[in-house]
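The lines below spell out each chain.
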Amino acid sequence: KDSRSQFWATYNREAGEYDAEFLDKYKSDMDIVLIFAGLFSAVSTSFIAGTQSNLSPNPSDTTNALLMMLIHTIDNSTFNGQDLGPPTWHGPGPSVVWTQTLMYASLSASLLAALGAMLGKQW
């Protein structure tokens, strides 16, 4: 019985050392993932905010068209021969949609990685 207790005592000590090294290594790796995910998310968000305006029509075009219609209503001699209807907009181009889709996908992946790292650190 003495040899069994010595075996388990040695096993517990070795397993504890191995587990401590393992956890320290992966906790530091998760810290690096969190830092990278945070920085990447910040940069990615700024690019998304900058290109968000490409997904909707330019509001100043509509305002200008409405002002031209009002001026033409007051004075019929102005803007002769010009189309005074509201500007047409056919939606964003395919490259804009693809770019936005990839940017949102990368932001989602980065936030998912950060969530996984946080769950791993708390476990």
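What comes next concerns the included structure. (Residues numbered from 1 in each chain as written. Predicted model: local features only at pLDDT ≥ 70, side-chain atom pairs only at ≥ 80, totals over all residues. Heavy atoms only, no water.)

### Focus on the overall build of the protein
When you go through the protein residue by residue, the secondary structure sums to 3 helices and 0 strands. Counting helices and strands in the order they occur from the N terminus, the protein gives α-α-α. Scaling as 2.2 N^0.38, a compact globule of 123 residues should have a C-alpha radius of gyration of about 14 Å, whereas the protein reaches 31 Å, well beyond that. When its C-alpha atoms are laid out on the principal axes, the protein stretches across 110 × 20 × 15 Å. Expressed as a percentage of its 123 residues, the buried residues of the protein come to 11%. When the accessible area of the protein is evaluated, it comes to approximately 9,700 Å², of which 66% is carbon and sulfur surface. The averaged location of the 11 negative side-chain charges in the protein is 24 Å from the averaged location of its 6 positive side-chain charges. (Helix = DSSP H or I, 4+ residues; strand = E, 2+ residues; numbered from the N terminus. Rg over C-alpha atoms; globule rule 2.2 N^0.38 Å. Buried < 20%, exposed > 50% of the residue type's maximum accessible area, 1.4 Å probe, protein only. Areas by Shrake-Rupley, 256 points an atom, 1.4 Å probe, with all protein chains shown as cover. Lys, Arg positive; Asp, Glu negative; His and termini not counted. Charge placed at Lys NZ, Arg CZ, Asp CG, Glu CD.)

### Here's the deal with the packing of aromatic side chains
A complete count under the given rule lists 6 aromatic pairs for this structure. Taking 5.5 Å as the distance between ring centres and 85° as the angle between the ring planes, the aromatic pair formed by Trp8 and Tyr11 counts as edge-to-face. Here the residue Trp8 and the residue Tyr11 both occupy positions in helix H1 (residues 2–51), the gap between them amounting to 3 residues, near one helical turn. We classify Trp8 as partly exposed; its relative accessible area is 48%. (Phe/Tyr/Trp six-rings, centres within 6.5 Å; stacked < 30°, edge-to-face > 60°.)

### So, the packing of H1 against helix H3 (residues 94–122)
Packed helices, taken two at a time, are described by the angle between their axes plus the distance between the axes. Remark: H1 packs on H3, axes separated minimally by 8 Å, with the N-to-C direction vectors making an angle of 155°. One element, H1, and the other, H3, form an angle in the roughly antiparallel class. When the axes of H1 and H3 are compared, the crossing they make is left-handed. Class assignment of the residues belonging to the contact of H1 with H3 gives a composition of 15 nonpolar, 8 polar and 3 charged. (Axes fitted to C-alpha atoms, helices over the stretch in contact; angles between N-to-C directions. Parallel < 35°, antiparallel > 145°, perpendicular 65-115°, else oblique. Left-handed = near helix turned anticlockwise from the far one by under 90°. Nonpolar A, V, L, I, M, F, W, Y, C, P; charged D, E, K, R; others polar.)

### Thoughts on a nonpolar patch on the surface
Taken together, the side chains of Tyr18, Phe22, Leu23 and Tyr26 present a nonpolar region at the surface, about 420 Å² in accessible area. Counting through the fold element by element, Tyr26 comes out in helix H1. (Patch = residues over 30% accessible without salt bridge, like charges linked within 9 Å, V, L, I, M, F, W, Y side chains within 5 Å. Salt bridge = Lys/Arg side-chain N within 4 Å of Asp/Glu carboxyl O.)

### Topic: a negative patch on the surface
On the surface, Glu14, Glu17, Glu21 and Asp24 cluster together to form a negatively charged patch. Classification of Glu21 by relative accessible area gives exposed; the value is 57%.

### Quick look at H3
End to end, H3 covers 42 Å across 29 residues, agreeing with the expected 42 Å (1.5 Å per residue, within 8%). Among the residues of H3, those classed as buried are Gln100, Met103, Leu107, Ser110, Ala114 and Ala117. Next to the buried residues of H3 lie H1. (Expected span 1.5 Å × (residues − 1). Contact = heavy atoms within 4.5 Å.)

### Here we look at the side chain of Ser41
Turning to its location among the elements, Ser41 is positioned in helix H1. Polar side-chain contacts of Ser41 include one of 2.9 Å to the side chain of Ser110. Leave out the neighbours within four places in its chain, and Ser41 touches Leu107, Ser110 and Leu111. (Polar contact = N/O pair within 3.5 Å; in protein donor to acceptor, adjacent residues only side chain to side chain.)

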